[in-house]
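Fold and contact review
Below are the chains, spelled out letter by letter.
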Amino acid sequence: MKYLILIGMVVLLLWLARTVRPRVPGDSRRSATSAPPAPQPMVRCAHCGLHLPEQDALPGRGGHYCSEEHRRAAGG
């Protein structure tokens, strides 16, 4: 019987240590107050049709491209 009480105390202490521990910046768990990141504008590769974020696309004469190879192939 005393071992059950001892195991219960250890479990209780571990549970308290996890719930009382302060959150640190960069913690993988998201807090309820943090907002999700804003959506990024997407563009379509003029050569293959792949959709990608505008900041990652390469501009060319014929539009946006997903890679330097596709920009060269389109002559842009």
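Below or above, wherever it landed, is the structure these notes cover. (Residues numbered from 1 in each chain as written. Predicted model: local features only at pLDDT ≥ 70, side-chain atom pairs only at ≥ 80, totals over all residues. Heavy atoms only, no water.)

1. Looking at the overall build of the protein
- Of regular secondary structure, the protein possesses two helices and four strands.
- Ordered by position from N to C terminus, the α and β elements of the protein give α-β-β-β-β-α.
- In the protein, once contacts between residues fewer than 6 apart in sequence are set aside, the share between residues at least 24 apart is 4%. (Helix = DSSP H or I, 4+ residues; strand = E, 2+ residues; numbered from the N terminus. Contact = heavy atoms within 4.5 Å.)

2. Regarding the packing of aromatic side chains
- Following the criterion strictly, the structure yields zero aromatic pairs and no others.
- The cationic tip of K2 hangs over the ring face of Y3; the distance from NZ or CZ to the ring centre is 5.9 Å. (Phe/Tyr/Trp six-rings, centres within 6.5 Å; stacked < 30°, edge-to-face > 60°. Lys NZ or Arg CZ within 6 Å of the ring centre and 35° of its normal.)

3. Quick notes on the environment of E69
- Within the fold, E69 resides in helix α2 (residues 68–73).
- With 22 residues separating them in the primary sequence, E69 and H47 have C-alpha atoms 9.8 Å apart.

4. A few points about the side chain of H70
- Mapped onto the elements, H70 comes out in helix α2.
- Those residues within four positions of H70 in sequence are excluded, and the remaining contacts are C45, H47, C48 and Y65.

5. Description of helix α1 (residues 2–20)
- For α1, spanning 19 residues, the distance from its first C-alpha to its last is 27 Å, which sits close to the expected 27 Å at 1.5 Å a residue.
- For α1, the buried fraction is low: zero of the 19 residues fall into the buried class. (Expected span 1.5 Å × (residues − 1). Buried < 20%, exposed > 50% of the residue type's maximum accessible area, 1.4 Å probe, protein only.)

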